[in-house]
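Given next are the chains, with one letter for each unit.
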Amino acid sequence: MSSSTRSVPGNPVAERGGPGWLVALLPLLCIALLPISIWVDLQAPAGGPGVEITGGAGWPWTLNGAVLGLLAAIVLRHDRHQMFGWALAGFGLFWALDGFAQSYVRSGLSETEAWPAMTWMLWFLNRFGVYLTAVTAVLVMIFPTGRFLSGAWGWVSRATVAMLVLSGLVVLIAPAEGRLGVDRLPDGVDLDPTTVPWLSGFGERLVSASVAVGVVAFLVSLLTVAVRYHRSRGVVRDQMRWLLWSVVVILGALVVGLLVPLPASDHLGAFLATVLPPAAMTVAIVRPSLVPIGDLLARTLVLAAVVAVLVVADVAVLWTLTQLLGDGLSRAQVAGVVLAVAVLLYSPARSWLAARVRRRMLGERGQRYDTLAGLSAVLEEAATPHDQLDAAARAVATAFGVGFVSIEVEWPDGDPVVATHGARPQLVRELPIRYRAQEVGRLILPAKGVRSRLGPRDERLLGDLVRQAAAAVRTTQLMAEVQASREQLVAAREEERRRIRRDLHDGLGPALSGIVFQLDAAQLRLRADAAPSGEIADQLGTVSAQMQEVVADVRRLVHGLRPPALDDRGLLGAIRQLGEGLELTLDLAADDLAGRLPAAVEVAVYRIIAEALTNVARHAGTTRAEVSAVITDGVLRLTVVDRGRGLAGAAAGVGMSSIRERADELGGVATVRSGVDGGTEVEARIPVRSE
């Protein structure tokens with residue numbers, strides 16, 4: 001990241017963050033109140049108004065605040081401009097103060113005396129604590145971005161906060177009217193320090209109405225969470241799933257707590273409900289990829305379902321035994337039955353439920369080997385690239401349980417081959433398909449939905465599937481290219497044979513036949529001795545000229561098949577001869593190539609240089625060129641550079657195409673570009689293999 005502010009999707013601007021000292025102060029204050037609250041609880045009497053009002057020690061609630069303060073410190077250390085972190089710090093401080101107030105009231109309030117500020121401690125505990133609901137609502141409405149939703153739902157969120165604030169204000173000003181059930185209080189302790197006197201007689205109704213409004217407002221805040229989840233995608237969707245996971249765990253724990261009573265279950269349940277969602281939200285903000293949340297959510301659902309199955313099975317077995325044996329089962333026997341049911345059913349139930357839950361939520365991605373093996377078998381049977389891509393699209397859709405997959409692969413003729421599975425949603429994301437570091441197409445998946453999110457294992461599986469399909473398609477492409485090349489070679493061979501046949505038939509054949517006729521005629525005349533010697537000489541002269549033309553034609557044909565200069569002078573000598581013929585001054589730098597180049601490479605190099613020098617002579621406007629030919633690591637690097645006009649405004653012609661084709665035929669590559677200091681640079685790289 002380029003700036004000092006850590007980047008978290010949707011964070012507020014930096015100016016909204018608090019000062020650095022406050023980042024440490026608020027969490028430390030929450031944590032510091034815990035030992036104080038424990039010490040105060042240890043001073044509590046056995047009975048009295050304080051014990052009756054509080055109903056128990058306050059330190060467990062202060063513990064909630066301390067843990068929340070620690071979580072807030074983690075979020076603010078990650079990004080002190082994250083408004084969720086500040087709201088969480090306030091939430092933790094609220095809980096810590098509420099627990100401390102309970103400890104203070106429990107230990108410091110008796111029938112005859114009260115510790116200092118007892119009125120306001122009671123007020124905070126019994127009245128101001130109503131705003132815990134408001135702070136909770138704000139937390140869930142701004143998670144994970146630190147802001148309310150945009151648009152109309154943003155105004156709904158603000159209105160919800162206003163409703164919660166007003167409902168809490170009603171509780172603050174409504175008379176207690178005996179709601180606490182305590183009549184014996186020492187002098188100076190007031191249960192109604194903020195009560196409006198003229199509301200006397202309406203206290204209970206006002207509080208009931210306020211609670212109803214608060215419940216409605218809190219339900220609306222949960223609705224905004226559902227809206228945010230529906231809108232979210234990418235990392236934000238994963239962050240929202242962390243909150244969903246915590247809710248699933250709390251619901252499961254609640255069911256278990258109802259069926260299996262535990263010591264201090266009230267405190268444990270409250271601690272879990274208060275701390276687990278903020279803990280999950282902290283992980284979501286600081287490190288959402290700590291574990292694949294899709295897998296974690298699926299495993300949690302499986303575990304909850306297994307527990308439910310075991311509980312139902314235990315109840316059914318115990319009921320059946322009770323009906324058969326009456327009430328004769330001892331506790332040890334009941335425990336033995338429960339243990340036996342758990343041992344017999346846990347593993348089968350877990351495996352069966354895990355397979356179905358994961359398949360329902362995440363598709364077949366857990367069956368990695370089966371998915372890859374199935375795709376491999378289908379690819380072997382597919383006859384065309386389109387069939388192969390169809391098979392790959394179906395395999396990806398099945399493996400990841402998504403309703404839409406599209407695979408596009410570029411084809412040599414320029415038109416992509418496209419295979420689509422399912423209906424395209426409104427929001428999609430594209431992933432490149434690479435084969436040997438070269439991008440050959442793209443994979444298109446839905447951008448939203450639980451199944452579209454990929455963990456590290458999912459990404460590896462997707463990569464394996466796509467690479468397998470890409471390799472198969474690429475193989476088919478190469479086969480098509482090889483077939484096309486074979487056809488071109490055959491066509492070129494036959495065309496060359498046709499040209500040679502035509503040249504020999506139409507040129508060399510008739511010419512030689514004419515010479516034979518002329519010689520026969522001259523022979524007949526000599527035998528007859530009827531023609532003057534001068535006419536015979538003229539006729540033989542004509543034959544000599546025709547023979548010279550035939551020799552020239554033969555040389556031209558031979559030159560077309562392989563330049564004679566290569567055999568007469570070698571490659572470097574032939575290059576110098578080219579420069580002399582084109583009236584160019586060549587700066588030639590080359591390795592000793594004698595005997596090191598196969599015949600095909602030697603001819604290709606000569607043709608490429610000839611074409612490049614011809615372009616220099618015709619178009620560059622200069623009489624000097626630099627030619628180099630060097631072999632490095634089995635590759636011949638050939639360059640022709642001039643300092644002429646360059647390529648500006650020049651259209652690609654047959655010569656440039658010929659250069660590229662000659663290099664490509666031998667598995668090489670050729671480029672034509674403007675030189676660094678002007679002019680034009682032709683470069684070819686051709687692999688050199690021994691013959």
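Scroll up to find the structure.
Residues numbered from 1 in each chain as written. Predicted model: local features only at pLDDT ≥ 70, side-chain atom pairs only at ≥ 80, totals over all residues. Heavy atoms only, no water.

1. Observations regarding the pairing of strand 9 (residues 680-687)
The buried fraction of strand 9 is high, at seven of eight residues. With seven bridges joining them, strand 7 (residues 635-642) and strand 9 adopt antiparallel strand pairing. Within strand 9, the position partnered with V635 by the bridge is P687. Here six bridges tie strand 8 (residues 669-674) to strand 9, and the two strands are oriented antiparallel to one another. Residue pairing for strand 9: V672 is matched across the bridge by V682. (Buried < 20%, exposed > 50% of the residue type's maximum accessible area, 1.4 Å probe, protein only. Helix = DSSP H or I, 4+ residues; strand = E, 2+ residues; numbered from the N terminus. Pairing = 2+ DSSP bridges.)

2. Concerning helix 8 (residues 203-231)
Quick reminder: α-helices carry 3.6 residues per turn. Residues three or four places apart thus point the same way. End to end, helix 8 covers 42 Å across 29 residues, agreeing with the expected 42 Å (1.5 Å per residue, within 8%). Those residues of helix 8 that sit buried are G203, V207, S210, G214, A217, S221, T224, V225, V227 and R228. (Expected span 1.5 Å × (residues − 1).)

3. With respect to the pattern of salt bridges
As enumerated under the stated definition, the model contains eight salt bridges in all. Of the charged contacts, one joins D41 and R106 as a salt bridge, the two residues approaching to 3.8 Å between their closest N and O atoms. Here the residue D41 occupies a position in helix 1 (residues 20-42), and R106 occupies one in helix 4 (residues 83-108), the gap between them amounting to 65 residues. Considered together, D41 and R106 belong to a single accessibility category, that of buried residues. Put simply, R637 and E683 hold a salt bridge, and the shortest N to O gap is 2.8 Å. (Salt bridge = Lys/Arg side-chain N within 4 Å of Asp/Glu carboxyl O.)

4. So, the packing of aromatic side chains
Enumeration over the complete set of coordinates arrives at twelve aromatic pairs. Taken together, F94, W120, W123, F124, F128 and Y131 form an aromatic cluster joined through their ring pairs. Against the face of W155 rests R158, its NZ or CZ located 5.2 Å from the ring centre. It is R237 that lies over the ring of Y229; its NZ or CZ is 4.3 Å from the centre. (Phe/Tyr/Trp six-rings, centres within 6.5 Å; stacked < 30°, edge-to-face > 60°. Lys NZ or Arg CZ within 6 Å of the ring centre and 35° of its normal.)

5. Regarding the packing of helix 4 against helix 6 (residues 131-142)
Running from amino to carboxyl end, helix 4 crosses helix 6 at an angle of 160°, the nearest separation of the two axes being 10 Å. Classified by the angle their axes make, helix 4 and helix 6 are roughly antiparallel. Seen along the crossing, helix 4 lies across helix 6 with a hand that is left-handed. Where helix 4 approaches helix 6, its residues M83, F84, A87, L88, F91, F94, W95 and D98 are matched on the opposing element by Y131, L132, V135, T136, L139 and I142. Tallied by class, residues from the contact of helix 4 with helix 6 come to twelve nonpolar, one polar and one charged. (Axes fitted to C-alpha atoms, helices over the stretch in contact; angles between N-to-C directions. Parallel < 35°, antiparallel > 145°, perpendicular 65-115°, else oblique. Left-handed = near helix turned anticlockwise from the far one by under 90°. Contact = heavy atoms within 4.5 Å. Nonpolar A, V, L, I, M, F, W, Y, C, P; charged D, E, K, R; others polar.)

6. Points about the sheet that holds strand 8
In space, the five strands of this open sheet follow the order 5-6-7-9-8, with mixed pairing throughout. Looking at which strands have only one partner, the edges of the open sheet turn out to be strand 5 (585-590) and strand 8. Taken pair by pair, the neighbouring strands of this sheet meet at an average axis angle of 10°, ignoring direction. Sheet topology places strand 5 next to strand 6 (residues 624-632); six bridges connect them, and they run parallel. Bridge pairing in strand 6 links L586 to A625. Against the sheet, helix 18 (residues 599-620) engages strand 5, strand 6, strand 7 and strand 9, with an angle of about 10° to strand 7.

7. Some points on unusual backbone geometry
What you tend to see is this: most non-glycine residues have negative phi, and most peptide bonds are trans. Going from F143 to P144, the amide bond is cis rather than trans, its omega being 0°. Take P144: it is sitting in the loop between helix 6 and helix 7 (152-173). Positive phi is not limited to glycine here, since A117 has a value of about 60°. With respect to the helices and strands, A117 occurs in the loop between helix 4 and helix 5 (118-126).

8. Section: the nonpolar core
Residues F84, L88, L109, M118, L122 and F143 are the most contacted members of the largest nonpolar core, which totals 63 residues. Sort the elements by how many residues they give to this core and helix 4 lands first, with 14 residues. Listed in part, the 36 residues of the second largest apolar core include A565, I609, A629 and V682. (Core = buried A, V, L, I, M, F, W, Y, C linked by side-chain atoms within 4.5 Å.)

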